Amino acid sequence: MTTVNAFAAPSATEPLVRTTIERREVGENDVSIAIRYSGICHSDIHLVRGDWGPVTYPQVVGHEIAGEVVAIGSAVTKFSVGERVGVGCMVNSCRECENCLAGMENYCLKGNTQTYGSVDRDGTITQGGYSSHVVVDQDFVLRIPEAIPYEAVAPLLCAGITTYSPLAHWNAGPGTKVAVVGMGGLGHLAVKIAAAKGAEVTVLSQTLSKQEDGLAFGAEHYYATSDPTTFKTLRNTFDLIINTVSSADLDFNAYLKLLRLDGTLVNVGAPPQPIPVSVFTLFGNRRSFAGSGIGSIAETQEMLDFCAEHGVAPAVEVITADQINDAYERVLGSDVRYRFVIDAATI
Ligand code: NAP
Ligand code: ZN
Ligand code: ZN
């Protein structure tokens, strides 16, 4: 075991505090990573505050990790010391179920091992990226292309893949009209990636306060959902809607009605409450309501390479570890432009 610095939530209601945690010794298939940057995902906040169920505290969160390899196990062939690497939302899976064998370990039928808050193979609870180091099996480590700025790359490991995967699966591209609901961490990357894929992108944000940024990220249209005429103007318009909103407090049927024939609304936002959807809204235009969870390791590498090739990088605000609790409040207040990234040297 190696003792490393971390920032942990002591309970659902207290601020995160500086602490130390133990990382396992580097096993034969493991890569030890010195973390340089760690993104703050809204999921981190949901989890530490107990939104999704009971948590074993203290808990270190963070699943957008960028750093350098500092040690490798004897059987590691994919990475070498000094390489720039990333880790996203999962660090293992069963590797033998139908979905794992199909290369979609994010949909592991036994549940993949999440980067934080999961029971690891040794029975301990996984601890995430708000930390100075992490030890991860090489099969769950990503190669980071040099073209993506180091301080900006971490959010691609969750926000990037979570939006890239449904955009790819539902064929966003030239000739398709894509709407992105909520322009926070996931949403701003959905805009950039969909635009890079050649789709006609519309942002549906609560207000017009971020319109200039949305258009700069590649959107062609920008509407405020607080304006009721938006829902009349855009009825039967979109092939694909990516909903990134973290709250269930939306009129989902109003959004579904914005889909044209055979259109799909994909929910990637993860509110704890069930969502009310009328089947009659789905009958019209043969609409679909779907969900999507992160992406596979292979698809995450594909996404990183796509972003490098197309010049897609998250817009980030780099913070020190002491600013994490303030950053949480700003994320909850929809005041993030557009992802907080912790400088891990300050942890
Ligand atoms: P975020 O940065 O907070 O962005 C969410 C955006 O939604 C906000 O910036 C805001 O955009 C809008 N919004 C927030 N509250 C709203 C409300 N009450 N009504 C309408 N719009 C609202 O969060 P994030 O990190 O992008 O994560 C978004 C959600 O995705 C979270 O629930 C997270 O847990 C989930 N998630 C899911 C997966 C997956 O695999 N499916 C992966 C990662 C994250 P505007 O200001 O533009 O309105
Ligand atoms: Zn996340
Ligand atoms: Zn599996």
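Rules behind the numbers
Residues numbered from 1 in each chain as written. Chains lettered and ligands numbered in written order. Predicted model: local features only at pLDDT ≥ 70, side-chain atom pairs only at ≥ 80, totals over all residues. Heavy atoms only, no water. Helix = DSSP H or I, 4+ residues; strand = E, 2+ residues; numbered from the N terminus. Rg over C-alpha atoms; globule rule 2.2 N^0.38 Å. Contact = heavy atoms within 4.5 Å. Areas by Shrake-Rupley, 256 points an atom, 1.4 Å probe, with all protein chains shown as cover. Lys, Arg positive; Asp, Glu negative; His and termini not counted. Charge placed at Lys NZ, Arg CZ, Asp CG, Glu CD. Domains from an automatic or database assignment. Buried area = accessible area lost by both parts, 1.4 Å probe. Salt bridge = Lys/Arg side-chain N within 4 Å of Asp/Glu carboxyl O. Polar contact = N/O pair within 3.5 Å; in protein donor to acceptor, adjacent residues only side chain to side chain. Nonpolar A, V, L, I, M, F, W, Y, C, P; charged D, E, K, R; others polar. Donors = N, O, S within 2.8 Å, 3.2 Å for Na, K, Ca; no water. Buried < 20%, exposed > 50% of the residue type's maximum accessible area, 1.4 Å probe, protein only. Near = heavy atom within 4 Å.

Another point: the overall build of the protein chain. Broken down by element type, the protein chain carries 11 helices and 17 strands. Taking 2.2 N^0.38 as the reference for a compact globule, 347 residues should give roughly 20 Å; the C-alpha atoms of the protein chain span a radius of gyration of 20 Å, in line with that estimate. With the C-alpha coordinates of the protein chain rotated into their principal frame, the extents come out at 60 × 40 × 35 Å. Long-range pairs, those at least 24 residues apart, make up 68% of the contacts in the protein chain with a sequence separation of at least 6. As displayed, the protein chain has an accessible area near 14300 Å², and 51% of this comes from carbon and sulfur atoms. The average position of the 24 basic charges and that of the 38 acidic charges among the side chains of the protein chain differ by 6 Å.

Our next topic: the domain arrangement of the protein chain. Reports of interface size often rely on the accessible area that becomes lost once the parts have come together. Considered domain by domain, the protein chain is made up of domain 1 (2–158 + 314–346) and domain 2 (160–291). Relative placement of domain 1 and domain 2: their C-alpha centres are 27 Å apart. Each partner contributes to the interface: domain 1 provides 15 residues, whereas domain 2 provides 18 residues. Buried surface at the junction of domain 1 and domain 2, summed over both partners, amounts to about 1400 Å²; 54% is from carbon and sulfur atoms. Close ionic contact of R337 with D213 constitutes a salt bridge, the shortest N to O distance being 4.0 Å. Our count for the domain 1 to domain 2 interface comes out at 11 residue pairs in polar contact (both at pLDDT 80 or more). Considered class by class, the residues forming the side of domain 1 that touches domain 2 number nine nonpolar, three polar and three charged.

Turning our eyes to something else, we now look at the coordination of the zinc ion (ligand 2). Protein coordination of the zinc ion (ligand 2) is provided by C41 (SG), H63 (NE2) and C158 (SG), with donor distances spanning 2.0 to 2.2 Å. On the primary sequence, the residues serving as donors to the zinc ion (ligand 2) are separated as C-x21-H-x94-C. In this pair, H63 is assigned in the loop between α1 (42–48) and β4 (65–72) and C158 in the loop between α3 (150–153) and α4 (159–169), connecting sequence segments 95 residues apart. Overall, H63 belongs to the buried group, its relative accessible area being 5%.

As a further point, take the site of ligand 1. Taken together, 30 residues sit near ligand 1, with H42, S43, S205, K210 and R339 positioned nearest. In this structure, an oxygen atom belonging to ligand 1 sits 2.8 Å away from a side-chain N or O atom of H46. Take M183: an N or O atom from its main chain is 2.8 Å from an oxygen atom of ligand 1. About the coverage of ligand 1: the protein hides 89% of its 920 Å² of free accessible area. Put simply, the parts of the chain that give the shell around ligand 1 at least two residues each are α1 and α5 (185–196). Broken down by element, the shell around ligand 1 gets its largest block of residues, three residues, from α1. Here the residues of the shell around ligand 1 sort into 12 nonpolar, 16 polar and two charged. For the shell around ligand 1, the domains that each give at least three residues are domain 1 (2–158 + 314–346) and domain 2 (160–291).

Turning our eyes to something else, we now look at the pattern of salt bridges. Per the counting criterion, the structure on display carries 17 salt bridges. Measuring nitrogen to oxygen at the nearest pair gives 2.7 Å for the salt bridge that ties E68 to R36. On the criterion of sequence distance, the pair formed by E68 in strand β4 and R36 in strand β3 (residues 30–39) is long-range, its members being 32 residues apart. Look at E68 and you get partly exposed, because its relative accessible area is 21%. Notably, a salt bridge pairs D239 with R260, separated by 3.3 Å at the nearest N-O pair. Of this pair, D239 sits in strand β13 (residues 238–243) while R260 sits in strand β14 (residues 259–267), and the two are 21 residues apart along the sequence. Looking at D239, the relative accessible area reads 24%, which means it is partly exposed.

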